[in-house]
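Architecture at a glance
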Amino acid sequence: MSDLVAIVYPSEAKAEEVRQRLLKLQKEYLITLSDAVIAVKTDSGGIKLNQLVNTTAMGAMTGSFWGLLIGVLFLNPILGVAVGAASGALGGALSDFGIDDSFMKSLSSSLQPGNAALFVLIKHMTADKVIKEIKDAGGVVLKTSLDETKEKALRDALASTVEQTAA
């Protein structure tokens, strides 16, 4: 079972910094991420999602490969690549995996313009070590599905950084 954690940061750069830290921790086998998305509220009030994987580009790439393969079979590889890329891109744009986009957009609507929320879907985590690595970045927990003890530890760690900064 996966856990969802959403933390608000004052800027997209800060949220990206924390996401990169989490990806580094994943390489050290301290956390296993299913998805990590940054939602930014623009000055015009819209929500921009910065996905970890561009599904449209991935769809176009795999569609091109399969289109080329089918095109070679029917002696028209150029047409096969074009049709495959177009259909793959369309399929990729319409697909959604990980955290639901509409859920992230609705939750991010309460952000102040310029703020960013980091949404992380966690499969497994060594909580004490991960919290220790990200607590100095600060942030405010927006939503979480962690159990009460892990959630309290996360909120306290992030709050202590905010208090130190204010003092």
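As recorded in an unreviewed UniProt entry, the protein chain goes by Putative membrane protein and comes from Bradyrhizobium stylosanthis.

Both strand β2 (residues 31-41) and strand β3 (residues 47-50) contribute to a ladder of 4 bridges, which runs antiparallel. Following the sheet pairing, K41 is matched in β3 by I47. Hairpin connection from β2 to β3: 5 residues lie between these consecutive antiparallel strands, with G45 at a positive phi of about 100°.

This part is about the sheet that holds strand β5 (residues 140-144). What the 5 strands build is an open sheet, ordered β3-β2-β4-β1-β5; its pairing is antiparallel. The open sheet has two edge strands, β3 and β5, and neither has a second partner. Taking the axes of each pair of neighbouring strands and ignoring which way they run, one obtains an average angle of 25° across the sheet. Sheet analysis places β2 next to strand β4 (residues 116-125), joined by 9 bridges and oriented antiparallel. The residue bridging A36 from the neighbouring strand is V120, located in β4.

A few words on the side chain of R19. Among the secondary structure elements, R19 is positioned in helix α1 (residues 12-27). A distance of 2.9 Å separates the side chain of R19 from the backbone oxygen of A36, its partner in a polar contact. A distance of 3.1 Å separates a polar side-chain atom of R19 from the backbone oxygen of N50. When near neighbours in sequence (up to four residues on either side) are disregarded, R19 contacts A36, V37, I38, N50, Q51, L52 and L118.

Further remarks concern helix α5 (residues 127-134). For α5, every residue scored as buried is listed here: A127, V130, I131 and I134. In a view along the axis of α5, the buried residues occupy a sector of 100°, so they form one face of it. The exposed set on the far side of α5, more than 90 degrees from its buried face, consists of D128 and K132.

For the pair α1 and α5, the least separation of the axes is 10 Å and the interaxial angle reads 145°. Viewed along their axes, α1 and α5 form a crossing whose handedness is right-handed. Within the contact between the two elements, α1 uses V18, R21, L22 and L25 and α5 uses V130, E133 and I134. Each residue belonging to the contact of α1 with α5 can be placed in one class, and the counts come to 5 nonpolar, no polar and 2 charged.

Let us look at helix α4 (residues 101-108). Note on helix geometry: an α-helix contains 3.6 residues per turn, so any two residues three or four positions apart are oriented the same way. Those residues of α4 not exposed but buried are M104, L107 and S108. Across the axial projection of α4, the buried residues extend over an arc of 95°, all falling on one side. Close packing links the buried residues of α4 with β2, β3, β4 and β5.

This part covers unusual backbone geometry. A positive phi angle, near 60°, is found at Y29, a position not held by glycine. You can see Y29 is positioned in the loop between α1 and β2. What makes Y29 exposed here is its relative accessible area of 72%.

This brings us to the nonpolar core. Ranked by size, the top nonpolar core spans 29 residues in total, and within it L22, I31, L33, L118 and L154 carry the most contacts. Discounting residues that sit within four places of it in the chain, L22 has contacts with I31, L33, L118, V120, V130 and I134. Membership of the second largest hydrophobic core comes to 12 residues, among which are V8, V37, L107 and A117.

The rules behind each value
Residues numbered from 1 in each chain as written. Predicted model: local features only at pLDDT ≥ 70, side-chain atom pairs only at ≥ 80, totals over all residues. Heavy atoms only, no water. Pairing = 2+ DSSP bridges. Helix = DSSP H or I, 4+ residues; strand = E, 2+ residues; numbered from the N terminus. Axes fitted to C-alpha atoms, helices over the stretch in contact; angles between N-to-C directions. Polar contact = N/O pair within 3.5 Å; in protein donor to acceptor, adjacent residues only side chain to side chain. Contact = heavy atoms within 4.5 Å. Buried < 20%, exposed > 50% of the residue type's maximum accessible area, 1.4 Å probe, protein only. Arc of directions from axis to C-beta. Left-handed = near helix turned anticlockwise from the far one by under 90°. Nonpolar A, V, L, I, M, F, W, Y, C, P; charged D, E, K, R; others polar. Core = buried A, V, L, I, M, F, W, Y, C linked by side-chain atoms within 4.5 Å.

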